[in-house]
Every structure is written in C-alpha cells, then in structure tokens.
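Residue strings, one per chain:
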Amino acid sequence: MIEYVIPDFNIDQIARSGQCFRFRREEEGRYSLIAGGKWLDIEQNGETVRFSCTENEFEGFWRDYFDLNADYGRYKSKVAKRDAYLRAAVETGSGLRILRQELWETIICFIISQQNNIPRITKCVDGLCTLFGEARQRANGEVYHAFPTAERLAQCTPEELSPIRLGYRAKYICATARQVASGAVDLEKVACMKYADAKNELLRLTGVGIKVAECICLFGLHHIDAFPIDTHIRQMLDAHYPKGFPLTRYRGFAGVMQQYAFFFELETQNNR
DNA sequence: TGCCAGGTGCTCG
DNA sequence: CGAGCACATGGC
C-alpha cells in the first residue's frame, strides 16, 4: 500500500468515464482495476490517493498508466475564457486523465463499444476475460482474469463467444484477432507509427471504422490529438459548436478536451 | 413497444 | 464517393 497527494486526479471520474472497462466500484471512493495483467485497489480521499502496490510497482507501471507525469492543469488553462460549455465540462471532469491502456485490449474493447452502452460493454469485456483470459491470483488468493491474448481469441469461432452475448460484434472480434495473431496487422509496428499512419493501419481491422480507430489512437496509443466523434459528441457539437469545434486552438491535445466533453455529456444526459 | 447505446460493412446509384 | 440498410442485445 502506497499513498500520494495527486492534483487533477479523481478515480471516480476516471472509472466512470467510459475509456476503460476494467474498473469495479468496490464501495464509496474505492475501486479495483485490472491492467497489464495486474490487480490494483485504489482508494481516494480528496487529493490523497492510496494504491495497493509497492513503490516499485507504482513507479514502474501505474504512474505511467494513469498519465501522472502530464500536467492537466496546463491543458485546462488553454480553454477559451468565452467558451462556457468547455469551461463547464472541464470543471465537471476536473480529475479526468487519459489512461495509457494496452493497445490490443483497447482494440477489442472499442470494437465491443459500437452501438452499445457502457454497462453492457463492461459486462461483455468481463465475460471475455472470464472465459478466455489467463487466471491470476491476488495476494489474498482471490482469482481474477487478465485480458485474453490475440492468439487465444484467434482460436475462437463466433459460436464459442456466444455465451458472452456480443451480438454481431463476435465475428468482428474473431476476425480482428486472426489479423493480429497472424501478423497481418503488426501491433508492434502500429505502436511506433505517427497518429495518422497508426489510424490508417487500424482501419484495416475488421469492425474498426473511423470512430473506433480514433478511440484506439487516443486510449491505446496515447495520441492525444485524436478526436473520436460518437453520438454524444455529435450531439454536443451540433448544439454548442454549430460553426465547428475549435480544433486548431487545441491542436496536439484535442483528445483531452474531447474526454472532458464526453464525460460532461454522460453526467448531464439525465437532466436535459 | 419502439428507441437507443462511445458504429461498421456492404450495396447500390 | 455517399446515402441507406442490416446487424445482436438489453434497458428503459
């Protein structure tokens, strides 16, 4: 167990922001997370955050995963004073971070995300891990499952995935797993590419279109200039930026602004 | 009950 | 090239 004081960090907002589907809310202010095959408990009280790992594990993996070396105060300070919408969004999601998630896992999670809602995406991802992910043990002996490898999923037929209730996405997942496992699409190469090239390469994967490719770039490759446009963002753009979103103003980190806006739309969709 | 959810692939013209 | 349509599933 290790404890830090971290500004611009809110685990509740991050867990509910729909960028990662392996958070579980254990109780008020307490979450668990599986990433990089590792289990982590997180507990937050104000700016004080406790992580269930050693300092070495934190410095060697989780600090980077939570993007803690980036200064989100600097991103926020770039928001235009007159932009009432984005200012409200940034205030509401003041503790968001763009997590540095594993590429393969991000590809599959966002193929699942299409025409789907966050609770059910979470269920599907959980089912995929439980059925095909490598079983691991926590310090207390409890078993959890890592995210299944491309090689494992490449052996699956859509019928074998049917208990997960992925719907028509099951065949996309099988096809994409085969493309990756065979090396037809080389993820190690994709990881070294510039944003535009990476996006084009990802578009070759079955079930990956523009929007999903943008999400993979943003969350799985940390190309924070990627700007995914989904139904919520589409509505938001039409309502608040009829003349177009000021992408040039936020060139280089527009994806961070997108994430504040996306979270804000999630938070406010009930009362509107 | 029909609409919607972090869309994509395919098929026409 | 772009509009239109099918595609699975579950919650409201």
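Keep in mind that this is a model prediction, so the values were computed, not measured.

The rules behind each value
Residues numbered from 1 in each chain as written. Chains lettered and ligands numbered in written order. Predicted model: local features only at pLDDT ≥ 70, side-chain atom pairs only at ≥ 80, totals over all residues. Heavy atoms only, no water. Helix = DSSP H or I, 4+ residues; strand = E, 2+ residues; numbered from the N terminus. Buried < 20%, exposed > 50% of the residue type's maximum accessible area, 1.4 Å probe, protein only. Contact = heavy atoms within 4.5 Å. Phe/Tyr/Trp six-rings, centres within 6.5 Å; stacked < 30°, edge-to-face > 60°. UniProt positions renumbered as here; feature names shortened; annotations may be inferred. Axes fitted to C-alpha atoms, helices over the stretch in contact; angles between N-to-C directions. Parallel < 35°, antiparallel > 145°, perpendicular 65-115°, else oblique. Nonpolar A, V, L, I, M, F, W, Y, C, P; charged D, E, K, R; others polar. Near = heavy atom within 4 Å. Polar contact = N/O pair within 3.5 Å; in protein donor to acceptor, adjacent residues only side chain to side chain.

Participant: What is the right way to look at the side chain of Lys199 in this model?
Facilitator: On the secondary structure map, Lys199 appears in helix α10 (residues 195-202). Its relative accessible area of 18% is what places Lys199 among the buried residues. In this structure Lys199 touches Ile210, Ala213, Glu214 and Cys217, once residues within four positions along its chain are discounted.

Participant: Just checking my understanding: could you explain the packing of aromatic side chains for this structure?
Facilitator: Any aromatic ring pair is given by two values, namely how distant the centres are and how the planes are angled relative to each other. In total, this model carries 24 aromatic pairs according to the counting rule given. Measuring from centroid to centroid gives 5.3 Å for Tyr85 and Phe264, while their planes differ by 70°, and the two rings are edge-to-face. Here Phe264 lies in helix α13 (residues 254-268) and Tyr85 lies in helix α4 (residues 84-92), a separation of 179 residues in the sequence. Taking the relative accessible area as the measure of exposure, Tyr85 reaches 9% and is therefore buried. In this structure Phe264 comes out as buried when scored by relative accessible area, which is 15%. A ring pair is formed by Tyr168 and Tyr172, whose centres lie 5.7 Å apart and whose planes are at 85°; its orientation type is edge-to-face.

Participant: When you look at the UniProt feature "domain: HhH-GPD" (unreviewed entry) in chain A in this model, what are you seeing that I'm missing?
Facilitator: This chain's UniProt record puts "domain: HhH-GPD" (unreviewed entry) on residues 112-266. Structurally, residues 112-266 comprises 52% helix and 4% strand, and the distance from its first C-alpha atom to its last is 19 Å.

Participant: I'm lost on the packing of α4 against α13 in this one. Help?
Facilitator: In the contact formed by α4 and α13, the axes pass within 8 Å of each other and the chain directions differ by 80°. One finds that α4 runs roughly perpendicular with respect to α13. Residue-level contacts link Tyr85, Leu86, Ala88, Ala89, Val90 and Thr92 of α4 to Met257, Tyr260, Ala261, Phe263, Phe264, Glu265 and Glu267 of α13. When its residues are assigned to classes, the contact of α4 with α13 shows 10 nonpolar, one polar and two charged.

Participant: What exactly am I supposed to notice about the protein's contact with DNA strand C here?
Facilitator: Contacts to DNA strand C come from Gln115, Arg120, Arg165, Gly167, Tyr168, Arg169 and Lys171. Tyr168 places a polar main-chain atom, nitrogen or oxygen, 2.8 Å from a sugar or linking oxygen of DNA strand C. One of the side-chain nitrogen or oxygen atoms of Lys171 is found 3.1 Å away from a phosphate oxygen of DNA strand C. The residue inventory of the surface near DNA strand C, partitioned by class, reads one nonpolar, two polar and four charged.

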